[in-house]
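# Remarks on the overall topology
This is what each chain is made of:
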Amino acid sequence: MSNLYLIGNWKQHGSHAAIQAFAGEWSFDPHAQLRIAVAPPFPYLQALAAALPDCQLAAQDCSVHLQGAYTGEVSANMLADFGCEFVLVGHSERRQYHDETDALIAEKLAAAQSAGVTPILCVGEQQAAREAGKQDEVVRAQLRSALATAQPNLLIAYEPVWAIGTGLTATPDQANEMHEMIRQEVSSLFGASHATPILYGGSVNAENADALFACPHVDGALVGGASLQAASFMAIAQSASNNLSH
Ligand code: PGA
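To keep things clear, this report deals only with the structure shown in the data block. Not measured: the values here are computed from a predicted model.

### Some points on the pairing of strand S3 (residues 56-59)
One ladder, built from 2 bridges, connects strand S2 (residues 34-39) with S3; its direction is parallel. Each residue of the ladder has a partner; that of Val38, found in S3, is Leu57. Taken together, S2, helix H2 (residues 45-51) and S3 constitute a β-α-β crossover, and its handedness is right-handed. Bridge count between S3 and strand S4 (residues 84-89): 3 bridges; the pairing is parallel. Bridge pairing in S4 links Ala59 to Val87. Of the crossover connections in this fold, the one passing from S3 over helix H3 (residues 76-81) to the parallel S4 is right-handed.

### Things to note about the sheet that holds strand S7 (residues 198-201)
Pairing is parallel around the closed barrel formed by 8 strands, whose spatial order is S1-S2-S3-S4-S5-S6-S7-S8. Neighbouring strand axes in the sheet, compared pairwise and without regard to direction, differ in orientation by 25° on average. One ladder, built from 4 bridges, connects strand S1 (residues 4-9) with strand S8 (residues 220-223); its direction is parallel. Looking across to S8, one finds that Leu6 is bridged to Ala221.

### Regarding the site of the ligand
Taken together, 13 residues lie near the ligand, and Lys11, His91, Glu159, Gly165 and Ser203 sit nearest. Contacts to the ligand include His91, whose side-chain N or O atom sits 2.7 Å from an oxygen atom. Contact between the ligand and Gly165: an oxygen atom at 2.6 Å from a main-chain N or O atom of the residue.

### Brief notes about the environment of Ile198
Mapping Ile198 onto the fold places it in strand S7. Ignoring anything within four residues of it in the chain, the contact list for Ile198 reads Ile156, His179, Ile182, Arg183, His217, Val218, Asp219 and Gly220.

### Re the packing of helix H5 (residues 102-115) against helix H7 (residues 135-147)
Close contact between H5 and H7 brings their axes to 8 Å; oriented N to C, the two are set at 50°. On the basis of their axis angle, the class for H5 and H7 is oblique. Handedness of the crossing formed by H5 with H7: right-handed. On H7, the residues that touch Asp102, Ala103, Ile105, Ala106 and Leu109 of H5 are Gln142, Ser145, Ala146 and Leu147. Taken together, the residues of the contact of H5 with H7 break down into 6 nonpolar, 2 polar and 1 charged.

### Focus on helix H10 (residues 230-245)
Taking 1.5 Å of rise per residue, 16 residues should cover 22 Å, and H10 covers 22 Å from first to last C-alpha, within 8% of that figure. Packing partners of the buried residues in H10 comprise S1, helix H1 (16-24), S2, helix H9 (209-213) and S8.

### Things to note about the side chain of His91
Inspection of the secondary structure assignment puts His91 in the loop between S4 and helix H4 (92-97). A polar atom in the side chain of His91 sits 2.9 Å from the backbone nitrogen of Glu93. At a separation of 3.3 Å, a polar atom in the side chain of His91 contacts the side chain of Glu159. If we skip the residues at most four places from it in the chain, His91 touches Asn9, Lys11, Cys122, Glu159 and Ile164.

### With respect to the nonpolar core
Buried together is how nonpolar side chains tend to be arranged in soluble globular proteins. Residues Trp26, Leu121, Leu147, Ile182, Tyr200 and Phe233 are the most contacted members of the largest nonpolar core, which totals 65 residues. The element contributing the most residues to this core is H10, with 7 residues. Judged by nonpolar contacts, the second largest core, of 13 residues, contains Ala39, Ala58, Phe86 and Leu88.

### A few points about the side chain of Ser227
Looking at where Ser227 falls in the secondary structure, it is placed in the loop between S8 and H10. With near-sequence residues (within four places) excluded, Ser227 lies in contact with Gly8, Asn9, Trp10, Phe22 and Phe233.

Procedures and definitions
- Residues numbered from 1 in each chain as written.
- Predicted model: local features only at pLDDT ≥ 70, side-chain atom pairs only at ≥ 80, totals over all residues.
- Heavy atoms only, no water.
- Pairing = 2+ DSSP bridges.
- Helix = DSSP H or I, 4+ residues; strand = E, 2+ residues; numbered from the N terminus.
- Right-handed = clockwise from strand over helix to strand, strands pointing away.
- Axes fitted to C-alpha atoms, helices over the stretch in contact; angles between N-to-C directions.
- Near = heavy atom within 4 Å.
- Polar contact = N/O pair within 3.5 Å; in protein donor to acceptor, adjacent residues only side chain to side chain.
- Contact = heavy atoms within 4.5 Å.
- Parallel < 35°, antiparallel > 145°, perpendicular 65-115°, else oblique.
- Left-handed = near helix turned anticlockwise from the far one by under 90°.
- Nonpolar A, V, L, I, M, F, W, Y, C, P; charged D, E, K, R; others polar.
- Expected span 1.5 Å × (residues − 1).
- Core = buried A, V, L, I, M, F, W, Y, C linked by side-chain atoms within 4.5 Å.
- Buried < 20%, exposed > 50% of the residue type's maximum accessible area, 1.4 Å probe, protein only.

Right under this line is the structure:
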């Protein structure tokens, strides 16, 4: 079995006190093939690294520029300098609230790769597209556009927009089918020898994690709400660890 990835996305949540509480409850059976990272808001990266040396660091976004007069931006080089292993690129909340286009997302992906930070490209359809049966078409277009000039070192997170923060989760079959399509698409771009990890995201929690991790095409999870409390995040980590041990 290949690696499983568990990435917590804290979005715009967190504080020093929350990090201390989270670190105090950090406990699950570690597994050599389980990679865990948390993406706090930028100002908390250092505090998280100090409190949780066993956890890798992820960022929620990066600039398309590597440096310069771009007030408010954080470059992928700076993330690498901080020891960030991963950066989310193209999260649906960035697409929706910050008008990020597929072209911009492709540039961010390239910036992350050139800085040596592994991008986690987020893709996923809106509810209307799912209801119209157009989910494959939408996700394929997002992938082709973001990956046209990309290198193979990345992760992909399939996050159906209708499942993010709503309590609705894609069924394991829906997730698995989409991941299989993504896998085919990625191997047609990079060649079948590149095993790109494909994570599921969208209301993953301690109750549904087992069934999702058991899907053959699901290589991990990107977790928002349930990553904020250590208890639920640790339960998901334990479920990933159990799955690897079977
Ligand atoms: P959620 O968020 O787990 O709260 O649905 C997932 C995400 O947006 O990455």
